[in-house]
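Structural characterization, general
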Amino acid sequence: MPSLPTVAQEWRMNLSQAERESRGEALHSSESDRASDDTKVLHDEDEWLKKRSKRTDAPALVEDGERVGLALSGGGIRSSTFNLGVLQALQRYRVLERVDYLSTVSGGGFIGSSLTWLMTRLNVPYPFGRTRADHRLTLTPRQNGVACAAGSQAPGPADTVGWLRQHGEYLAPHPPLTRWALLSAIVRGAVISLLVFLLPVFAVLVIVQQHVPWAFAACFYLALVAGALLLAWYLVQGGLSGRWPPTPNRRNTWDGWQGRLLMAGVMLMGVGLLPQVHRLMLSLLEPGVVTGTSGVALIALSRWRALGSDETKGARGLLLYLGLFLAVYGVLLVLYWQATAFPPLISWAGLGLLILLLITLALWVLVDINQVSMLRFYRDRLRDAFMPRVLCRNENPEKLWLHDLVGADGGPYHLLNVNMVTVDSDNPTLRLRCGENFLLSPLYCGSRATGYRSTKWYQGGGLDLATACAVSGAAVASHTRFLRARTAAILMTLLNLSIGYWVRNPRFATSKNPANVGYSYALSAMLGRVGPMSGLSEDAEHVHLTDGGHFENLGAYELIRRRCRLIIILDAGADPDWQFKDLSNLVQRVRLDFGAAVEIDPRPLRPRGEHRISESSFVIGRVRYLPLESGEKSEGVILYIKTCVVSGLPEDIYGYRRSDPAFPDTPTSNQFFREDCFEAYRELGYRLAERACLAPWPVPQQAS
C-alpha cells in the first residue's frame, strides 16, 4: 500500500474536469476593494496560488489546479505545541511543501503565525527543522539575539524550537513579565472599566442623595411602583392573551411584548428594592459583599467539573445564571451603599470625586477600547513568544501587515479564522448561532454576512499578523454559543475581562484609518439594541471579533468552502470525554452552509482499556461537495489526526501521562507549559503525524 505523499496518485485522476475549468473562469476583476460575496475572493486567491513559486520537487499530492489545505485547530498552547510536532513530521516527509492553504484558529494560529512570520523574515523554506538534531537545546535567547543582531550567525531550526520551548509559559515568560504582571494587567483594566461605567452613576447618586434627598428616595419608590405596575400589566396581558388579539401576527407581537414587560418589571423591582435589601443586609454583613460573593461562589460552583455530566447540565446552567445575577446585583448594592455613606461633597473626598470624574470624561473621549482591553497584553505576549525579534535580526513583528504576506514566496496562503458576534442580528440563523466565521487573510477580510474588503485598505491597511493571531485566540468572551447570558456580558464588560476586538464593518469600511473605538461600543455590547445603539450584529457600523473557535474550532470550515481536494485536520481541542464535539460541529456547519457531506468515523481514535490506548493515531474520511453547475460531482479526502495516546510511543510520553492523567487533554485554562509538558505534546504530535505519513490507508472512491 502507498504512503501519504504518494497515495494521492491513485485518486487524483478522478479529478472533475469541469471543476478544474471552473477555477479558471474569466471573472473580471474590479477596481473596487470590496467583494460582496466570496466569488471574487476565491478567484483572487486562486490566481495568487497559481503565481506562487513552486521551488520543490516533493511528490505532488493532487493534480494541478486542485488544492491541499492544512487546518490547525484551537486549544491554546496545547494545540500550538502539538501542532508544532505535527508540522515537523509533515515537513520531514515533504507533505508541508505541497500545502496550498494554511487555515488556523485560536491556539493553532499561534504556531501557524509563527510559521508564517519566520518563513517570511528568515527566507527559509521551513524554520522548525525535520530531524532530531533540530530539537536539541542550543543557545540561550540572549546569546542567540546577540548573534542574530550582529549578523554573525543565522538562527537554525534548533534555535527556533528552543525559543518556543522556553516560552511555553508565554503569558508570564520571564522577569519582569511574571504572573504578577499578568495580574497587574487584569486589575488595571478592571479599575479603568469600573471607573468609566460606574463612576458617573455613582456621582449622580451622591449628588442627588446629598442635595435632593427626597428625590433620591423617590427615585427608588418610583422604580418599585413602576416595576409592580409593569408586572401587574404583564399578568393582565397573560389573562387576555387567549381572547385578544384575534390574529396570529398580532398575538406573536403581543407575546413578544409580554417578555419585555416581564424583563423590565423585574429589573425595575430589583432597583426599587435596593434600599430595603440594603437595610436588611446591614444586619448581616456589609451590603453587596454577601450578594456579590454569593454570586461569584455560584458561578464557580456552576463550572465545577463534578457537575459536568449531562444529568446535571440543567442545574449547572441554573446556578450559572443565578450567580451572574447576584454578582451584578451585588455591584448595584455596593453603589447604593457607598452613595449613602459618602462624605459631604464640599470636602477632600468631593474633590477627589471631581478629579476622578474629569479623568473618566477624558477616558470616554480619548481612549480606544481596543488598546486598553486585555487583548493588547495578550497580543504582546503572543508576539514575543511566537514572533520573536531575536530570531529575525530584531525586525518588528508589529510591522508585518497582513497584506504584505501577499508577496511572500513559497509559503502557504494563511487563513486566520475569527468569530464575528451576531447575538443582536435580525437574521434568526446568525442570532441563534451567536456568530459568523470572519476571515482575516492577506488578500481579503470579512464574511459572507458583511461582504469582504481588500486587506490592503481595510482598517487603513494597518491590520498586522500579531493582532490577527491574538483576535483569533480571544477565547475569554461573552455572547458566544457557550455563554449567551446578557448578565455575563455586563459583568465581563464591567471588569474588562472580555478579550475581543472591534473593527469597522467591511460593508461600511473605507480606506481611511479607522477612528478610535470608544466605550460607547462596549456599552452597546452590554445592553444590545437599546435606543440608538446597534448592538452586536452584521449590520452595525463596527463589529466585534472573538476567538474563531466560538464558531468552528477545527479551522476546516474555510477549506471546505474552497473545495480542497485534500484536507489535513489537526485536532488538539480538549476532549477528555471523547465526544468529538468540534468534529460534529464542523460536519453540521458545512452541511448547512455549503451542502457538503462529511463522512468520517472517528471511533478508532477513542481510547480503550485500563491504560486508555487508542487503536489508531488517525482516520481517513471524505467530503462530498455539491455538484457544479455542469452536473459534475467532486469530493475531497480528509486526513484527521487527533491528540491521543497509542502504543509504541517514547517512554517520556507515557511517563508524563502518569504524572498528569489529564494528558493529552490538559485543560485549555492551563496556558503555562513547562519543558516536560511542552516536549510531551510536541513529541506526541510528531509521532502521530509520522505514523499517518507512513502507514497505509484506504483510498475513498470518487462520488458516483
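Here the structure is a predicted model, which means the values were calculated and not measured.

**Remarks on the overall build of the chain**
Regarding its fold elements, the chain presents 24 helices and 13 strands. Residue burial in the chain is summarised as follows: out of 704 residues, 53% are buried. Within the chain, contacts between residues separated by at least 24 positions form 77% of all contacts whose residues are at least 6 apart in sequence. Carbon and sulfur atoms make up 60% of the accessible area of the chain, which amounts to about 31100 Å² in all.

**Quick look at unusual backbone geometry**
Note the cis peptide between F663 and P664, where omega equals 10°. Among the structural elements, P664 can be located in the loop between α23 (651-659) and α24 (675-694). Of note in the backbone geometry, R94 takes a positive phi value of approximately 65° without being a glycine. Mapped onto the fold, R94 is located in the loop between α4 (76-92) and β3 (101-105).

**Description of the nonpolar core**
L70, F128 and I560 are the most contacted members of the largest nonpolar core, which has 129 residues in total. Element by element, the count of residues in this core is highest for α24, at 10 residues. Apart from residues lying up to four places away in sequence, L70 is in contact with L87, L90, L96, V99, Y101, L102, S103, L559, I568 and L570. One finds L199, L335, L363 and L494 within the second-largest nonpolar core, a separate group that totals 26 residues.

**Re the packing of aromatic side chains**
Per the stated rule, a full pass over the model turns up 20 aromatic pairs. Considering the side-chain rings of F110 and F386, the 5.5 Å spacing of their centres and the 40° angle between planes classify their relative orientation as tilted. Placement of F110 in helix α5 (residues 107-122) and of F386 in helix α16 (residues 374-386) is noted, with a sequence separation of 276 residues between them. The interplanar angle of 80° and the centroid separation of 5.6 Å between the aromatic rings of F202 and F342 together place this pair among those described as edge-to-face. With F202 in helix α8 (residues 179-211) and F342 in the loop between α13 (313-341) and α14 (348-366), this pair connects stretches of sequence that are 140 residues apart. F342 shares its class with F202; the two are buried. The ring of F377 is capped by R381, whose NZ or CZ atom sits 4.8 Å from the centre of that ring. Above the face of the F551 ring, R589 is positioned so that its terminal group lies 4.5 Å from the ring centre.

**Regarding the packing of α16 against helix α18 (residues 465-472)**
Between α16 and α18, whose axes approach to 9 Å, the crossing angle comes to 115°. Between α16 and α18 lies a crossing of right-handed hand. Of the residues in α18, those touching α16 at L375, Y378, R379, L382 and R383 are A466, T467, C469, A470 and V471. In the contact of α16 with α18, the residues fall into seven nonpolar, one polar and two charged.

**Here we look at the pattern of salt bridges**
Throughout the structure, instances matching the rule amount to 33 salt bridges. Close ionic contact of R383 with D384 constitutes a salt bridge, the shortest N to O distance being 3.1 Å. For R383, a relative accessible area of 13% gives the class buried. E683 is the partner of R682 in a salt bridge, and the nearest nitrogen-oxygen pair spans 2.7 Å.

**Regarding the environment of A217**
Tracing the backbone through its elements, the reader meets A217 in helix α9 (residues 213-240). For the pair A217 and P275, spaced 58 residues apart in sequence, the C-alpha to C-alpha distance is 8.5 Å.

**What to know about the environment of G685**
Relative to the assigned elements, G685 resides in helix α24. Once the C-alpha coordinates of G685 and A572 are considered, the two residues, 113 residues apart in sequence, prove to be 9.3 Å apart.

**Some thoughts on α23**
Those residues of α23 that sit buried are I653, Y654, Y656 and R657. The arc enclosing the buried residues of α23, seen along the axis, measures out at 160°, which places them on a common side. Among the exposed residues of α23, those pointing more than 90 degrees away from its buried face are R658 and S659. Where α23 is buried, its residues touch α24.

**Comments concerning the pairing of strand β9 (residues 542-547)**
Where burial is concerned, most of β9 is hidden: six out of the six residues are buried. Bridge analysis of strand β4 (residues 413-421) against β9 gives three bridges, and the strand direction is antiparallel. Note that in β9 the partner of M420 across the bridge is L545. In the sheet, strand β8 (residues 501-504) pairs with β9 via four bridges, with the strands oriented antiparallel. Residue W502 lies in a different strand from β9, and its bridge partner there is H544.

**Focus on the pairing of strand β10 (residues 566-571)**
Taken across its six residues, β10 has six buried, putting it largely inside the fold. Of the two faces of β10, the one carrying L566, I568 and L570 and the one carrying I567, I569 and D571 are both buried. Note: β10 against strand β13 (residues 635-642), six bridges, orientation parallel. Across the sheet, I567 pairs through a bridge with I638, a residue of β13.

**Description of the confidence of the model for the chain**
In low-pLDDT regions, the fine details of the predicted coordinates are not to be read closely. Confidence in the prediction of the chain, expressed as mean pLDDT, is 81, and 79% of residues score 70 or more. Segment residues 304-312: pLDDT under 50, and seven contacts once partners within four positions in sequence are set aside and those in other chains are kept. Residue range residues 699-704 is modelled with pLDDT below 50. Its contacts to residues more than four positions away, or to other chains, number 19 contacts.

**Observations concerning a nonpolar patch on the surface**
A surface patch of nonpolar side chains, about 730 Å² in accessible area, is lined by W348, L351, L354, I355, L356, L358 and I359. Within the secondary structure, L358 sits in helix α14. Residue class for L358 comes out exposed when judged on its relative accessible area of 53%.

**Thoughts on the side chain of R589**
By the secondary structure assignment, R589 is in helix α22 (residues 581-594). Notably, R589 is buried but unbridged: the nearest opposite-charge side chain belongs to D593, and the N-O separation is 5.8 Å. Beyond its immediate sequence surroundings of up to four residues, R589 is in contact with R433, R481, F551, Y557 and F594.

**Concerning the environment of I490**
Within the secondary structure layout, I490 lies in helix α19 (residues 486-494). Separated by 35 residues in the primary sequence, I490 and A525 place their C-alpha atoms 8.1 Å from one another. Excluding its chain neighbours within four sequence positions, the residues that come into contact with I490 are V328 and M526.

Here is what the cut-offs are and how they apply
- Residues numbered from 1 in each chain as written.
- Predicted model: local features only at pLDDT ≥ 70, side-chain atom pairs only at ≥ 80, totals over all residues.
- Heavy atoms only, no water.
- Helix = DSSP H or I, 4+ residues; strand = E, 2+ residues; numbered from the N terminus.
- Buried < 20%, exposed > 50% of the residue type's maximum accessible area, 1.4 Å probe, protein only.
- Contact = heavy atoms within 4.5 Å.
- Areas by Shrake-Rupley, 256 points an atom, 1.4 Å probe, with all protein chains shown as cover.
- Core = buried A, V, L, I, M, F, W, Y, C linked by side-chain atoms within 4.5 Å.
- Phe/Tyr/Trp six-rings, centres within 6.5 Å; stacked < 30°, edge-to-face > 60°.
- Lys NZ or Arg CZ within 6 Å of the ring centre and 35° of its normal.
- Axes fitted to C-alpha atoms, helices over the stretch in contact; angles between N-to-C directions.
- Left-handed = near helix turned anticlockwise from the far one by under 90°.
- Nonpolar A, V, L, I, M, F, W, Y, C, P; charged D, E, K, R; others polar.
- Salt bridge = Lys/Arg side-chain N within 4 Å of Asp/Glu carboxyl O.
- Arc of directions from axis to C-beta.
- Pairing = 2+ DSSP bridges.
- pLDDT = per-residue confidence, 0-100.
- Patch = residues over 30% accessible without salt bridge, like charges linked within 9 Å, V, L, I, M, F, W, Y side chains within 5 Å.
- Lys, Arg positive; Asp, Glu negative; His and termini not counted.

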